Amino acid sequence: MALSRIASSSSSSVLKPISAALTLRRPLSSDTTLTIETSIPFTAHNCDAPSRSVETSPSELLTFYRDMAVMRRMEIAADSLYKSKLIRGFCHLYDGQEAVAIGMEAATNKKDCIITAYRDHCTFLGRGGSLLQVFAELMGRKDGCSKGKGGSMHFYKKDAGFYGGHGIVGAQVPLGCGLAFAQKYSKDENVTFALYGDGAANQGQLFEALNISALWDLPAILVCENNHYGMGTAEWRAAKSPAYYKRGDYVPGLKVDGMDVLAVKQACKFAKEHALKNGPLILEMDTYRYHGHSMSDPGSTYRTRDEISGVRQERDPIERVKKLLVAHDIATEKELKDTEKEVRKEVDEAIAKAKESPVPQPSDLFTNVYVKGYGVEAFGADRKEVRATLP
Amino acid sequence: MSAANLVRRIGGRWGSLVSQRGFSTTPTSIIENGAAAEQGVKSLNLYSAINQALHTALDSDPRSYVFGEDVSFGGVFRCTTGLADRFGKSRVFNTPLCEQGIIGFGIGLAAMGNRAIAEIQFADYIFPAFDQIVNEAAKFRYRSGNQFNCGGLTIRAPYGAVGHGGHYHSQSPEAFFCHVPGIKVVIPRSPRQAKGLLLSCIRDPNPVVFFEPKWLYRLAVEEVPEDDYMLPLSEAEVVRQGSDITLVGWGAQLSIMEQACLDAEKEGISCELIDLKTLIPWDKETVEASVKKTGRLLISHEAPVTGGFGAEISSSIVERCFSRLEAPVSRVCGLDTPFPLVFEPFYMPTKNKILDAIKSTVDY
C-alpha cells in the first residue's frame, strides 16, 4: 500500500530544474551548484523536517550514478557466482537499495561509524572497499576484506569506520550505541549510523538500544532500511505500526524516500547535525530489494512480479539519477551507457582477479579465535598426533 | 543416505491416539515391522516427516498451535507446508522476527494448557530466546511449586552443518540447553525417528527443545508410517550391535558414525552404535550396558569438543564403568573454533577422523 502511494507521487516534475543556476547552458561546469527537490517531502516525527531542496553538483550526480551502477552490477554478478557455486554460504543482495548506501556516504565522513546487518556488500563498497575485496571475500579467498574468513555476511573496514557485517537480526543496533558513546566521550564530533531492516525493527534489542541512546543523548542514528519485507513476511503482517520512524516515541524520526539518493543525503546530513546536538534520531528509508531475502528465496512467492517491475519502472534509484543527468544536460544517454560498460568491465576484472586469489591456509582456521592461540587438540583419540600450536 | 537405513525395527504394537489427548510421556503406539504395511507407510524425507508430525499434532489436539518466522508459508525448510491452509491462520501463524518474544509467547500459551509448537528458524538464532528458555520455561514448574508449567511448549530448530552454512547457519548449540534442568533436549537421526520423536515431544508434559538435523531434511529418506505414532523419550537405541567399541552420537552425526562402523568392520573391528536421541534426561543405562560389554567408548558430535555434551557422557561413563574401560574415552567432535565458512571440512568430525579414533582406541 505504502509502495503504490509513493510510486504515484513521484511525478516527473521533480526532474525539472528549480534553481537559477540551471538556466546556464550546457556544459555545466562540474562544480556548479544545482538545487534539486526531493521526490516527496520528508515526514517528521517530533522534529522539524529538513528542506526538500537539496544542493548537489553535476560531478556529484555523475559519481552517484557510477557508484550505484557498480553496486548494481556487483550484486548481479554475485548472484551468478552464487548460482555457479563459486560463492558458498548465505548471501543477501542489496540491489534496489543502493541509494541508501550512496546517499549516506555523501553526508558523512570516514570518521563517522556505520554498522549494519548481513546485507552488507554495498555498504562496504560505499565506505571505500574495493571490488576485489568484495568478490574475494564472497568466494572465501585470502584477498577478501575479512581474509576470506567471514564470507558474504561479514564485511568490515576498520580504517573507514565500517563495523560490519552482523549475522543475527537486530543484534548490531545496541553495538551502534556503544560506538556512539565512545564517540561522544572522546568529543570527536562524529556520529554512528546503525542500520537495520524493517524485520529487525520488531526485535526487543532495538527498543533497548533506543532507550539507552536517548537516555544518554548518544550521537546514534538508527537507520531503518525499510524494504517492506522481513525475509518472506510483508511489513504489515509483522508490525502493528509500520511507521518505523515513529517507533522511537520519545526519539524523533524522519521518513525518507530511500530510493532518492538526494533525499537520503539530505536526511543523513540533517540527522548528523541533529544527533550531535540533541542525541538519537530514527531515519526510516523507504526502499526496496529486487532480489529475494537470500539466495534461497526467489523473492516471488510473497509479492507479485508486477510489484517488483512497478518499483523498477517508477522508483529505481539509478534510473532516477540517470533522468536527472539527462534532464540537466550533464550527460547523454550514450555517455551513461558507456559508463555502464566500463562498470561491467571493472566488475568482471575484479572477479577474475578474485578467482586467482588463494584460499586461506588451513592453519588460519585456528587464528583469531583468541588474541593468542592455545594448544588445540583436534582429534580425541588421535591426541598423540594432532595438536596445533598457535602463534 | 545411510541414515535412512538406520531404523530397522522397534518392538511393540500399534495403538490408536484418538482418545489420547492428555499429556503423556508414554507412547500410545509403537512401531512394529509387520503392522507397518497394514497401516500404510510412505517413503518420506525428513522435512516431510516433520510436516506429517505437525499435521498429526494439530489434527489430534485442537489446542495445539504452530508459530514462528515464515511458518505460514511453509517455512524456509518447507516443514510447515500446508498447515496454515488446513488448520487456519489462528492456529498456524507467522510471527515477527523476535525470537525472545516468540518463546516468551509460547511459554504463556502453554501455561494456559495449550500445546505451543514454536519454530526458531535456525538453531543459531535461538540465543535471543536463551533467557526465556533457561530462566522462564525451564524453572516455571519448580518455582511455582507445580502450580504452573509450560509443559506444552516444544521448540523446533534446525541445527548443524549443511555443507556451506558458515558461522550463523551451522551451529550445534545443544550442549547449552543440556545444562538446564527442567527442559528436555531431543535430536532425531532420520525421518521415521523425527516423526515419532516430535510427536512425543509435543505431547510430553515438559518443555522440550527439538533440534532437527537440517542437513538431512532432503537427504534422508526412509519408510515412515502414515499413522500417528510416538517414540519414547529418554530411551537410547542400539542401532548396530558390536563387541569391540561403543559409539554414541545423535542426529546427523549418526549416519557418519555408521559409515565409520562399516569401514572399521572391514578391518575386523566390531562396533556397537548407539543413538542417544534424548540428550537430557539421557539414557545412561543403555550406554553403560554397552560399554561394560565392549570396554571402549567413542562419542562424536558436531559441536566444539570443549564443553560439548560428549564431555558429560564421557564423565558419567567413566564414573560408572571405570574398571571396565580398556582405553581412554575418545571424543571426535567439532574443533574449538567458531563454525567456519571456508574450513568446514577441517572442522567437521568426519568419517575418517572417527575411523582413526576407533582404531587408536581399540589398539590402545
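As recorded in an unreviewed UniProt entry, chain B goes by the name 3-methyl-2-oxobutanoate dehydrogenase (2-methylpropanoyl-transferring), listed as coming from Crotalaria pallida. The Subcellular location (unreviewed entry) comment attached to chain B in UniProt states, word for word, "Mitochondrion matrix". Per UniProt, the comment on chain B under Catalytic activity (unreviewed entry) is "N(6)-[(R)-lipoyl]-L-lysyl-[protein] + 3-methyl-2-oxobutanoate + H(+) = N(6)-[(R)-S(8)-2-methylpropanoyldihydrolipoyl]-L-lysyl-[protein] + CO2".

Named according to an unreviewed UniProt entry, chain A is Pyruvate dehydrogenase E1 component subunit alpha originating from Crotalaria pallida. Comment text from UniProt for chain A, heading Cofactor (unreviewed entry), reads "thiamine diphosphate". In its Function (unreviewed entry) section, the UniProt record describing chain A reads: "The pyruvate dehydrogenase complex catalyzes the overall conversion of pyruvate to acetyl-CoA and CO(2). It contains multiple copies of three enzymatic components: pyruvate dehydrogenase (E1), dihydrolipoamide acetyltransferase (E2) and lipoamide dehydrogenase (E3)."

Turning next to the UniProt feature "domain: Dehydrogenase E1 component" (unreviewed entry) in chain A. The feature "domain: Dehydrogenase E1 component" (unreviewed entry), as annotated in UniProt, sits at residues 66–362 of chain A in this numbering. The distance from the first to the last C-alpha atom of residues 66–362 of chain A is 38 Å, and the span holds 45% helix and 12% strand.

Right, let's talk about the sheet that holds strand β9 (residues 237–240) of chain B for a bit. Residues and elements named next belong to chain B. With mixed pairing, the five strands of this open sheet are ordered in space as β9-β11-β10-β13-β14. Looking at the sheet topology across the chains shown, the edges are occupied by β9 and β14 (330–334). Sheet twist, expressed as the mean angle between neighbouring strand axes with direction ignored, is 25°. In this structure, strand β10 (residues 245–249) lies alongside strand β11 (residues 271–275), joined through five bridges in parallel fashion. From the neighbouring strand, Ile245 faces β11, where its bridge partner is Cys271.

As a further point, take the interface of chain B and chain A. Facing the 37 residues of chain B at the interface are 39 residues of chain A. For the chain B and chain A pair, buried surface summed over both sides reaches about 3,200 Å², with 66% attributable to carbon and sulfur atoms. Looking only at chain B, the three residues that lose the most surface to chain A are Leu97, His164 and Phe343 of chain B, adding up to 21% of its buried area. For the interface between chain B and chain A, the tally reads zero salt bridges. Taken together, the connections running from chain B to chain A amount to eight residue pairs in polar contact (both at pLDDT 80 or more). If you list the elements that add at least two residues to the side of chain B that touches chain A, you get β14, α13 (344–347) and α14 (351–362) of chain B. When residues of the side of chain B that touches chain A are assigned to their parent elements, the largest contribution, five residues, is made by α14 of chain B. Here the side of chain B that touches chain A is composed, by residue class, of 19 nonpolar, ten polar and eight charged.

Residues and elements named next belong to chain A. At a closest axis distance of 10 Å, the pairing of helix α2 (residues 58–83) and helix α3 (residues 98–106) adopts a crossing angle of 140°. With respect to their mutual orientation, α2 and α3 come out oblique. When the axes of α2 and α3 are compared, the crossing they make is right-handed. Between α2 and α3, the contacting residues are Glu60, Phe64, Asp67, Met68, Met71 and Arg72 on the first element and Glu98, Ala99, Ala101, Ile102 and Ala106 on the second.

The tally for this structure, following the rule as stated, stands at 24 aromatic pairs over all chains. Measuring from ring centre to ring centre gives 5.4 Å for Phe124 of chain A and Phe155 of chain A, while their planes differ by 75°; the resulting arrangement is edge-to-face. Highlighted residues: Phe124 of chain A in helix α4 (residues 121–126) and Phe155 of chain A in the loop between α5 (131–138) and β5 (162–165), separated in sequence by 31 residues. Both residues of the pair, Phe124 of chain A and Phe155 of chain A, belong to the buried class. When the centroid spacing of 5.6 Å and the interplanar angle of 10° are considered together, the rings of Phe67 of chain B and Phe93 of chain B count as stacked. Taken as a pair, Phe67 of chain B in strand β2 (residues 64–68) and Phe93 of chain B in strand β3 (residues 92–94) lie far apart in primary sequence, 26 residues in all. The same class applies to Phe67 of chain B and to Phe93 of chain B, which are both buried. Three or more aromatic residues link up through ring pairs in this structure, and these residues are Phe127, Phe130, Tyr159, Phe176, Phe177 and Phe211 of chain B. Across the ring face of Tyr229 of chain A, the terminal group of Arg303 of chain A is positioned such that the distance to the ring centre comes to 5.7 Å.

In terms of burial, β14 of chain B is largely enclosed, as four of its five residues are buried. Tracing the backbone out of strand β13 (residues 297–304) of chain B, into helix α12 (residues 309–321) of chain B and back to the parallel element β14 of chain B gives a crossover that is right-handed.

What counts and how
- Residues numbered from 1 in each chain as written.
- Chains lettered and ligands numbered in written order.
- Predicted model: local features only at pLDDT ≥ 70, side-chain atom pairs only at ≥ 80, totals over all residues.
- Heavy atoms only, no water.
- UniProt positions renumbered as here; feature names shortened; annotations may be inferred.
- Helix = DSSP H or I, 4+ residues; strand = E, 2+ residues; numbered from the N terminus.
- Pairing = 2+ DSSP bridges.
- Axes fitted to C-alpha atoms, helices over the stretch in contact; angles between N-to-C directions.
- Contact = heavy atoms within 4.5 Å.
- Buried area = accessible area lost by both parts, 1.4 Å probe.
- Salt bridge = Lys/Arg side-chain N within 4 Å of Asp/Glu carboxyl O.
- Polar contact = N/O pair within 3.5 Å; in protein donor to acceptor, adjacent residues only side chain to side chain.
- Nonpolar A, V, L, I, M, F, W, Y, C, P; charged D, E, K, R; others polar.
- Parallel < 35°, antiparallel > 145°, perpendicular 65-115°, else oblique.
- Left-handed = near helix turned anticlockwise from the far one by under 90°.
- Phe/Tyr/Trp six-rings, centres within 6.5 Å; stacked < 30°, edge-to-face > 60°.
- Buried < 20%, exposed > 50% of the residue type's maximum accessible area, 1.4 Å probe, protein only.
- Lys NZ or Arg CZ within 6 Å of the ring centre and 35° of its normal.
- Right-handed = clockwise from strand over helix to strand, strands pointing away.

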